[in-house]
Amino acid sequence: MPDKQYTTITITVNGDVFRLEIEPHWTLTRLIRTSLGLTGTKEHCDEGACGMCTVIVDGRPTLSCMALAATMDGRNVMTVEGLTKHDGKLHPIQAAWVEEHGAQCGYCTPGFIMATKALLDKNPTPSTLQIKEALGGNICRCGNYEFIINSVHAAAKSLQGDQA
Amino acid sequence: MTSALRVVGKPVHKQGDQLRATGQAQYSSDAHLPGMLHGSILNCPYPSADLVSIDTSAAAAVPGVKLILTPDNCSDVLARTYQYIGHPVACVVATTLDIAQHAITLIKVEYKQKAFVVDPDEAMKPDSPQVFPGFDNLHPFDLCSHFSERNEQGLFAKREAATDYDGFGDVEKGFAEADVIVEDEGYRFGLAHAPVPERRGGLAHFDGEKLTVWSTTQSAQQTRGYIGSVAGLQIHNVRVISEFNSGSFGARGDDTGFLPDSGPDVAFMGAGHDKSVALAVKASVMLLKPVRIFLSSNEENFYHFWGRGTTYCRVKLGFKKDGTLTTWDMELAVNSGLFGNRWTFMFSNGTALMLYSRNAEHVRIKKYAIFTNTPGQVGWCGYGNPEYMFATEQVMDQAAEILGMDPVELRKKNHMRPGDNILNVSRAYAHTGPNWLGSGDISAVLDLLMEETDWKSRKPASEKTGVVRHGLGMALTCQQCAGEGVGSNAIVKLNHDGTAELCNTYADTGMGGRSACRQIAAEELGLTFDKVRIIAGDTDASVWGTSNACSGGTMKYGWAVALACRDALKTLFELSAPLLKVAQPSELATVDGEVFVKADPTRRIKWEQAFLNQGNNDIDHTQIVGKGVWIMGSGPQNTEKAATFVSLDVDTETGQLLNVKIYHCADVGRALNAKDTKAQILRIHHGFESVLGATMILDKATGRLLNGSYIDYPVATMWDCDVHPYYIESGNDPTHPYGAVGLGQALQNGIHAATANAIYNAIGVRIKDTPMTPDVILKALTSMGEQAVNGAGAATQAGNESVPRVCETA
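Rules of the game
- Residues numbered from 1 in each chain as written.
- Chains lettered and ligands numbered in written order.
- Predicted model: local features only at pLDDT ≥ 70, side-chain atom pairs only at ≥ 80, totals over all residues.
- Helix = DSSP H or I, 4+ residues; strand = E, 2+ residues; numbered from the N terminus.
- Rg over C-alpha atoms; globule rule 2.2 N^0.38 Å.
- Buried ≥ 20, exposed ≤ 12 C-beta atoms within 10 Å, placed from the backbone.
- Contact = placed C-beta atoms within 7 Å.
- Pairing = 2+ DSSP bridges.
- Axes fitted to C-alpha atoms, helices over the stretch in contact; angles between N-to-C directions.
- Nonpolar A, V, L, I, M, F, W, Y, C, P; charged D, E, K, R; others polar.
- Core = buried A, V, L, I, M, F, W, Y, C linked by C-beta atoms within 7 Å.
- Parallel < 35°, antiparallel > 145°, perpendicular 65-115°, else oblique.
- Left-handed = near helix turned anticlockwise from the far one by under 90°.
- pLDDT = per-residue confidence, 0-100.

Overview of the overall build of chain A
Consideration 1: Looking only at helices and strands, one finds five helices and five strands in chain A.
Consideration 2: Listing every helix and strand of chain A by position from the N terminus yields β-β-α-β-β-β-α-α-α-α.
Consideration 3: In summary, chain A has a C-alpha radius of gyration of 16 Å against a globular reference of 15 Å for 164 residues, a match within 12%.
Consideration 4: Structurally, chain A occupies a C-alpha span of about 55 × 30 × 25 Å along its principal axes.
Consideration 5: Relative to its full complement of 164 residues, chain A shows a buried share of 54%.
Consideration 6: Restricting the contact set of chain A to residue pairs at least 6 apart, pairs at least 24 apart contribute 58%.

Structure follows, in structure tokens:
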């Protein structure tokens, strides 16, 4: 086994600051799932092609399997666990997913929800075409796409209502 | 019972969806334990090889390596002969995954490479290397079934084992008596990868007494037996936890992970050649530590999760002049990889035995396995049926044209009705007496989709011009959702506060079946949905049930749930009767946690009072327990039936399919939950994936998979097509406690033929290969131009020619 080379980074995840010792080859997915134990973020393809590991880094949807943890020093990361408010209620996007049956097996759901969060933060009232453009890289192997699009529309409507 | 349902059929949230949406859902691959060790598997790099020697000394010297499993110390799991690339050779268990993966690279293996074949076309040639020495690669399937002893209703009472074909009657006689014979061949369904996201694997922890395994499985109860056999433990000391699963899609049957590696006549149900769970179990038993082994890349997923095998099909049908389908003759050859895969063949049962059983008098279905140096091919939703229905529902389309009938009218003439034969050929099911269709109205399904797609304005291809041409096609589909002998147990616990807990083993792969069980329990107990919890993901807390497969879940589990609830209520009413001063418990009913007198609902008590009546003190309430046991028998059979219509445009210059819309309608008997029902239908997206371009490509020279990634294997996205889901509820199916029939298993059976029929309707070209990529469509168009034929099967008028002409098409 080659000698390990550790790097220390400071990263904010879901509002909490962590100082972590990592190895250079670790991905952000590995940091989130293994170092922090946040298993809501899923790993599937490990090649940037399925979107199931999507998290938000400094406001941008990011494939955490394609991001090296070593590049995350000083960055602000939000995972699906960070969406839930501390009032015992679901985030409106999560509530929309439950209401509209946006999940089947649910393995892709955290990635879709985080991609949706990033979309709605920038475009609160997306058209179906804009949803497809933003979420088209996320794959649902159950094929639940029509209900996922319904969920995004419902979430947008709900968030608009919150602001009214 | 069903006139005033409070919970069943209502739009409840799907069980577990809140946890899925918050990331709290615990899939087996999310499980971690303190002190857990990690395993990594060394896979054979050659498609056919023998082990000459293995040297693990360098790997064993790596600090942190705790155990190395090889054929020398783990011969019941690891083989010395390897028959596909990816075949497990050894396994390193270490303190970290990094160490295990590094140590794997230090194992020195000497292989003796052998001749191999991965291409099914090559495998069928006489000079091909034999995958199993002494056996032709084209291997007849010999676990066949002959049906006989028709009763007055035309139902077959007897099923006998045979070695030659599945069926009944005399097809030669049938063709001699037919007015029109339609035959076609050359259909080739391409190898398709099962759409399973969660990687296979398991976390095993043997503490010296009990073995606990977090496993990706849809068969937790059956898997216990397999795990126990590997671990040397009896079932009572094996606990399997599988709370959340990603979609199973043929990859969660698990048995192959524990069965002997190869043989020309092995029966297995699901993928699992990676042996990850078996190796984790072995290591944990030897080390007395938790050991986690999951596949570490998507490429490994591809190598081990082989889906639908390449399938060749020839079909010959005999009709009366009026379109009555009397005779069905069919041959299938399926690339089964390194297994004879008897199991999949048992379900490739031929629509003649169900969908078109109404008029069929003579049926012969001959099946062959094609052995190749690839993992065993399994199949998923449809389980062997999409592969050949790609051919049969196209030949039905050709027959309609030859008979001068509308394709929908030909189906209406011949499709099954309630009371018609449902003939399963599978040894997985018994056949102790006549089996028939419980309910269904396929004509109503067809009428709905004709209306939605404006079918009546459909024009033939000959009337279409221009570069982009519109097409509309359809196909029928069906599948038996469970057969004789499957079943489950259930336990329900009534609590004094008016709540209930339900225990069964319903693997949750996202289809909403656990919700359906909760709904059934709530309905039976007079409770609301939120007052019932289901405990189903832990064999320590649940009870036996057949593998959750074949879309039969809400029936086989639902019955046991309903019976358990009725058993519990019997006790509740017996305890309540003296308190409510009635002579018979049958005079009582319950709603919302209260028991009341039916004749005078003002006389009522809370459940709590009844629980205290068990002679207990007034602090420690007891609990009422009910049990349900249910096994499917002969008689009406729970059968999915549906139609798929496809609307598309074909660009005749590029060969591309544009504006694809899929309309699928199922007769569900009763929808237990409207949104879950429609969500199930959306799964047809991944059927369209193998229409559009997804097939696994192997290099004949090296045996390697060339597109084992999502960069190269085009999975279905939200851009590829629009799905329009519909269902009808034609009536209470007698096989289900609330009249539902399964949904999902037959979803993919018709989509490939419906798309090909739509392409034919657009451009007059018959597509006989999947995937229907632009090059396939352009090639077919070019062929049409050169040969001036339309590719349709030939027909003969028996009265006009003395001998029916056998059609040979390109």
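Side note on the overall build of chain B
Consideration 1: Regarding its fold elements, chain B presents 19 helices and 34 strands.
Consideration 2: Taking 810 residues into account, the globule formula puts the C-alpha radius of gyration at 28 Å, and chain B, at 28 Å, falls close to it.
Consideration 3: With the C-alpha coordinates aligned to their principal axes, the bounding extent of chain B is approximately 90 × 75 × 50 Å.
Consideration 4: Within chain B, buried positions represent 61% of all 810 residues.
Consideration 5: Intrachain contacts of chain B at a sequence separation of at least 6 include 77% that bridge at least 24 residues.

Brief notes about the sheet that holds strand 29 (residues 624-631) of chain B
Residue and element names in this part refer to chain B.
Consideration 1: With mixed pairing, four strands are arranged side by side in an open sheet as 25-24-23-29. The sheet terminates laterally at strand 25 (532-535) and strand 29, the two strands that pair on one side only. The mean inter-strand angle of the sheet, taken between neighbouring strand axes irrespective of direction, is 20 degrees.
Consideration 2: One ladder, built from five bridges, connects strand 23 (residues 487-495) with strand 24 (residues 499-503); its direction is antiparallel. Its bridge partner being in strand 24, Val492 is matched across the sheet by Leu502.

As for the interface of chain B and chain A
Consideration 1: Facing 46 residues of chain B, the contacting portion of chain A comprises 40 residues.
Consideration 2: Those elements that provide at least two residues to the side of chain B that touches chain A are helix 1 (17-22), helix 3 (97-104), helix 16 (674-682) and helix 17 (684-692) of chain B.
Consideration 3: Here the side of chain B that touches chain A is built from residues that sort into 21 nonpolar, 17 polar and eight charged.

Some thoughts on the nonpolar core
Consideration 1: Formed by 297 residues in total, the largest nonpolar core has its most connected members in Ala521, Val561 and Ile759 of chain B.
Consideration 2: Per-element accounting of this core gives the leading share, 15 residues, to helix 14 (residues 553-580) of chain B.

With respect to the pairing of strand 4 (residues 60-63) of chain A
Residue and element names in this part refer to chain A.
Consideration 1: Both strand 3 (residues 54-57) and strand 4 contribute to a ladder of four bridges, which runs antiparallel. The residue bridging Val57 from the neighbouring strand is Arg60, located in strand 4.
Consideration 2: Hairpin connection from strand 3 to strand 4: two residues lie between these consecutive antiparallel strands, with Asp58 at a positive phi of about 50 degrees.

Regarding the packing of helix 17 of chain B against helix 18 (residues 751-763) of chain B
All names here are of chain B.
Consideration 1: With their axes 9 Å apart at the nearest point, helix 17 and helix 18 run at an angle of 55 degrees to one another. Classed by the angle they form, the pair helix 17 and helix 18 counts as oblique. As for the relative orientation of helix 17 and helix 18, their crossing is right-handed in sense. Facing helix 17, whose interface residues are Ile684, Gly687, Phe688 and Val691, helix 18 presents Ile751, His752 and Thr755.
Consideration 2: By residue class, the composition of the contact of helix 17 with helix 18 is four nonpolar, three polar and no charged.

Re the sheet that holds strand 1 (residues 7-13) of chain A
Residue and element names in this part refer to chain A.
Consideration 1: Overall, mixed pairing links the five strands, which are arranged 2-1-5-3-4 in an open sheet. The strands lining the two open edges of the sheet, one partner per strand, are strand 2 (16-22) and strand 4. For this sheet, the mean inter-axis angle between neighbouring strands, taken without regard to orientation, is 40 degrees.
Consideration 2: Contacting strand 3 and strand 4, helix 3 (residues 109-122) runs over the sheet at an angle of about 30 degrees to strand 3.

Considering the pairing of strand 31 (residues 639-651) of chain B
All names here are of chain B.
Consideration 1: With eleven of 13 residues buried, strand 31 is to be regarded as a mostly interior element.
Consideration 2: As judged from the 13 bridges shared by strand 22 (residues 468-480) and strand 31, these two strands associate in the antiparallel manner. In the strand pairing of strand 31, Cys478 is matched with Lys641.
Consideration 3: In this structure, strand 31 lies alongside strand 32 (residues 657-667), joined through eight bridges in antiparallel fashion. Each bridged residue has a counterpart across the sheet, and for Phe645 the counterpart in strand 32 is Tyr663.
Consideration 4: The turn linking strand 31 back onto strand 32 is made up of five residues, and Gly655 within it adopts a positive phi angle of 80 degrees.

Some words on the environment of Ala577 of chain B
Residue and element names in this part refer to chain B.
Consideration 1: The residue Ala577 is located in helix 14 in this model.
Consideration 2: Classification of Ala577 as buried rests on a count of 20 C-beta atoms within 10 Å.
Consideration 3: A sequence separation of 491 residues divides Ala577 from Gly86, and the C-alpha atoms of the two residues are 65 Å apart.
Consideration 4: With near-sequence residues (within four places) excluded, Ala577 lies in contact with Val582, Gln584, Pro585 and Leu588.

Quick notes on unusual backbone geometry
Consideration 1: Note the cis peptide between Thr770 of chain B and Pro771 of chain B, where omega equals -5 degrees.
Consideration 2: Along the polypeptide, Pro771 of chain B turns up in the loop between helix 18 and helix 19 (774-787).

A closer look at the environment of Glu729 of chain B
Residues and elements named next belong to chain B.
Consideration 1: One can find Glu729 in the loop between strand 33 (722-728) and helix 18.
Consideration 2: Looking at Glu729, the number of C-beta atoms within 10 Å reads 18, which means it is partly exposed.
Consideration 3: Note: C-alpha distance between Glu729 and Leu325 (404 residues apart in sequence) is 27 Å.
Consideration 4: Look past the residues within four positions of Glu729 in its chain and what remains in contact with it is Val668, Gly669, Arg670 and Ala671.

Details of the confidence of the model for chain B
Residues and elements named next belong to chain B.
Consideration 1: On average, residues of chain B carry a pLDDT of 91, and 93% of them reach 70 or more.
Consideration 2: Scored below 50 in pLDDT, residues 787-810 makes 43 contacts in the model with residues more than four places away or belonging to other chains.
Consideration 3: Scored as a whole, the predicted complex attains pTM 0.94, and scored at its interfaces, ipTM 0.97.

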